[in-house]
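# Descriptive structure summary
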Amino acid sequence: MRGKRIPRALSSYGAQSIYIRITVMNGNLNLALTFIQRVMTSSGIEHLIRNAPTRHYKMSEKRVFSMKALERRLVRIIL
């Protein structure tokens, strides 16, 4: 199996489309899927996908979220 390595430092501005080519040998799809999962995990793409925002938040919503996060941190420090 051959795969293209993805650089570790991916900026949200520069990396718009990323391609990973995997060759499945002898019809062993499980091995190919394991390999592509390892490549995605080691390169940080899996982390970027999980943390990608699913929708657009207005500035007022961001302010509310940040105030709630600040309150949670302060409560943790006090307790």
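Now for a look at the structure at hand. Note that the coordinates shown come from a computational prediction; the quantities given were computed from them, not determined experimentally.

Now for the pattern of salt bridges. Evaluation of the coordinates by the stated rule reveals one salt bridge. Between Glu 61 and Arg 55 there is a salt bridge, and its shortest N-O distance comes to 3.4 Å.

Attention now goes to the side chain of Ser 43. By the secondary structure assignment, Ser 43 is in helix α1 (residues 29–43). On the basis of relative accessibility, which here comes to 5%, the residue Ser 43 falls in the buried class. Polar side-chain contacts of Ser 43 include one of 3.0 Å to the backbone oxygen of Val 39.

In this section: the packing of aromatic side chains. Under the definition given, this model contains one aromatic pair. Geometrically, the ring pair formed by Tyr 57 and Phe 65 is edge-to-face, given 5.4 Å between the ring centres and 85 degrees between the ring planes.

So, about α1. Given a rise of 1.5 Å per residue, 15 residues ought to cover 21 Å, and the 21 Å separating the end C-alpha atoms of α1 matches this to within 8%. As for α1, its buried residues are in contact with α2 (45–51). For α1, the capping residue at the N-terminal end is Asn 28, with a side-chain oxygen 3.4 Å from the backbone nitrogen of Leu 31. Among the residues trailing α1, Gly 44 stands out with phi positive, at a value near 95 degrees.

Reading guide: rules and limits
Residues numbered from 1 in each chain as written. Predicted model: local features only at pLDDT ≥ 70, side-chain atom pairs only at ≥ 80, totals over all residues. Heavy atoms only, no water. Salt bridge = Lys/Arg side-chain N within 4 Å of Asp/Glu carboxyl O. Helix = DSSP H or I, 4+ residues; strand = E, 2+ residues; numbered from the N terminus. Buried < 20%, exposed > 50% of the residue type's maximum accessible area, 1.4 Å probe, protein only. Polar contact = N/O pair within 3.5 Å; in protein donor to acceptor, adjacent residues only side chain to side chain. Phe/Tyr/Trp six-rings, centres within 6.5 Å; stacked < 30°, edge-to-face > 60°. Expected span 1.5 Å × (residues − 1). Contact = heavy atoms within 4.5 Å.

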